[in-house]
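For reference, the chains in residue letters:
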Amino acid sequence: MTIESMGRRSVNKAVGYVVHQGKLLVFTHDEFPMEITGVQVPAGSIAEFESPADAVVREVGEETGLTARTVRSLGVESYDMWPAKPEVHERHFFQLELVDPDVPDRWKCGEQDPSDGGEPVSWTCWWMALTDAHVLCAGFGARLGSIESDGDL
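Residues numbered from 1 in each chain as written. Predicted model: local features only at pLDDT ≥ 70, side-chain atom pairs only at ≥ 80, totals over all residues. Heavy atoms only, no water.

**What to know about the nonpolar core**
Part 1: If you look at the biggest cluster of nonpolar residues, it comprises 20 residues, and the most contacted ones within it are Val18, Leu25, Leu66, Leu96, Trp107, Cys125 and Trp127.
Part 2: Those elements that provide at least two residues to this core are β1 (9-20), β2 (23-29), α2 (52-64), β5 (87-98), β6 (106-111) and β7 (121-129).
Part 3: It is β7 that provides the largest number of residues to this core, a total of four residues.
Part 4: If we skip the residues at most four places from it in the chain, Cys125 touches Leu25, Val26, Phe27, Glu63, Thr64, Asp105, Arg106, Trp107 and Cys109.
Part 5: Grouped together as the second largest cluster of nonpolar side chains are 19 residues, Val15, Val19, Leu144 and Ile147 included. (Core = buried A, V, L, I, M, F, W, Y, C linked by side-chain atoms within 4.5 Å. Buried < 20%, exposed > 50% of the residue type's maximum accessible area, 1.4 Å probe, protein only. Helix = DSSP H or I, 4+ residues; strand = E, 2+ residues; numbered from the N terminus. Contact = heavy atoms within 4.5 Å.)

Quick look at the structure:
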């Protein structure tokens, strides 16, 4: 049985694990209960003709206001979004590091003009201990075990 025969389409996504001082960059939505949106990491669609590595750097910047660079690819995982969406996400996971390590502990970000045409959204970004990151929602934690630390855990 194919994805299409199940009534779902395949969508390429890039997921970023930004690691800083033994902590992972995460966010929670401000307008929606955590029970619905969960704790997330920067992620988004890969544009046509864009590499997954370029997409993840762009998404981190758009979603958090931070500039990061890719450290390594952590592999690809499939995640079936049904019943929320008729999509199967092919997620390309990356570990990233900050370009400027001087960052706040917590800050607000958002999208005033979301690419899906929806209402403006806002979220709160913060740093979570890597040892607690198993709580990430919707399969975003699938490649946490592949993160390599430079002794800062």
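Structure shown, so let's carry the discussion forward.
**A word on the environment of Val19**
Part 1: As for its placement among the helices and strands, Val19 is situated in strand β1.
Part 2: Measuring from C-alpha to C-alpha, the distance between Val19 and Leu98 comes to 7.8 Å, with 79 residues separating the pair along the chain.
Part 3: The contact partners of Val19, leaving out residues within four places of it in the chain, are Leu24, Gln95, Leu96, Glu97, Leu130 and Ile147.

**Digging into the layout of surface pockets**
Part 1: Put simply, the largest pocket is a space of about 1,100 Å³.
Part 2: Along the walls of the largest pocket sit 39 residues, with Lys13, Gln40, Ala43, Lys85 and Asp116 positioned nearest its centre.
Part 3: Secondary-structure elements contributing two or more residues to the lining of the largest pocket are β1, β2, α1 (34-37), β3 (43-45), α2, β4 (68-80), β5 and β7.
Part 4: The leading source of residues in the lining of the largest pocket is α2, at four residues. (1 Å grid on protein atoms, 1.4 Å probe; cavity = no way out; pocket = protein on both sides within 12 Å on 5 of 7 lines; lining within 4 Å. Points joined across faces, edges and corners; volume = space filled by probe spheres on them.)

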